[in-house]
Amino acid sequence: MRQVKLTSTENKLHFSLSGEIDSATSEDFYAEVKTAYLHDKKDIEFDCTLLTFIDSTMLGTFVKLFKELKADGFKTELKNVQPRIRKLFEICSLDRLMVIK
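The present account deals with the structure reproduced in this document. (Residues numbered from 1 in each chain as written. Predicted model: local features only at pLDDT ≥ 70, side-chain atom pairs only at ≥ 80, totals over all residues. Heavy atoms only, no water.)

## Structural notes on the packing of helix α1 (residues 26–39) against helix α2 (residues 56–71)
Packing of α1 against α2 leaves a shortest axis separation of 10 Å and a crossing angle of 20°. As judged from the angle between their axes, α1 and α2 are roughly parallel. Relative to α2, the crossing made by α1 is right-handed. The segment α1 lies against α2, with Ser26, Phe29, Tyr30, Val33, Lys34 and Tyr37 engaging Thr57, Met58, Thr61, Phe62, Lys64, Leu65, Glu68 and Leu69. Tallied by class, residues from the contact of α1 with α2 come to 8 nonpolar, 3 polar and 3 charged. (Axes fitted to C-alpha atoms, helices over the stretch in contact; angles between N-to-C directions. Helix = DSSP H or I, 4+ residues; strand = E, 2+ residues; numbered from the N terminus. Parallel < 35°, antiparallel > 145°, perpendicular 65-115°, else oblique. Left-handed = near helix turned anticlockwise from the far one by under 90°. Contact = heavy atoms within 4.5 Å. Nonpolar A, V, L, I, M, F, W, Y, C, P; charged D, E, K, R; others polar.)

Okay, structure coming up:
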């Protein structure tokens, strides 16, 4: 099950992610995030505390969002990333591209 919860602050769009986000749900995830971003352009922070699984498609989705925000002068940050998910970012050297805490 995938769950995305959006809260907006003055400086950031904050998405709390939980469950699994994979190739079956990544397009819906991207559309949801992109719609919120286009409505209120600002930095995006993903809280991954309750995120239990992502696959390579989702890694690509994060990179796509990162590039789009960077082109507009905004930042993408992932925080509270579980060790096994963090390892995926590290294997692909995406931890050098994005802020991952």
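Next comes the rest of the write-up.
## A word on the nonpolar core
Among the nonpolar cores identified, the biggest contains 29 residues, and Phe15, Leu17, Phe29, Phe46, Phe62, Leu78 and Phe89 are the most heavily contacted of them. Elements with a minimum of two residues in this core: β2 (12–21), α1, β3 (43–54), α2 and α3 (83–91). For this core, the element with the most residues is α2, which contributes 7 residues. Residues in contact with Phe46, not counting those within four places in the same chain, are Phe15, Leu17, Phe29, Val33, Phe62, Leu65, Thr76, Glu77, Leu78 and Lys79. (Core = buried A, V, L, I, M, F, W, Y, C linked by side-chain atoms within 4.5 Å. Buried < 20%, exposed > 50% of the residue type's maximum accessible area, 1.4 Å probe, protein only.)

## Focus on the environment of Ser8
As for its placement among the helices and strands, Ser8 is situated in strand β1 (residues 2–8). Classification of Ser8 as partly exposed rests on a relative accessible area of 43%. Between the C-alpha atoms of Ser8 and Asp40, which are 32 residues apart in sequence, the distance is 8.8 Å. For Ser8, the contacting residues outside a window of four places in its chain are Leu13, Asp40 and Lys42. At 3.3 Å, the side chain of Ser8 and the side chain of Asp40 are in polar contact. One polar contact links Ser8 to Lys42, side chain to side chain, over a distance of 3.1 Å. (Polar contact = N/O pair within 3.5 Å; in protein donor to acceptor, adjacent residues only side chain to side chain.)

## As for unusual backbone geometry
Although it is not a glycine, Asn80 adopts a positive phi angle of roughly 55°. With respect to the element layout, Asn80 can be found in the loop between β4 (76–79) and α3. Positive phi values are uncommon outside glycine, yet Ser93 reaches one of about 60°. Positionally, Ser93 belongs in the loop between α3 and β5 (99–100). Judged by its relative accessible area of 32%, Ser93 is partly exposed.

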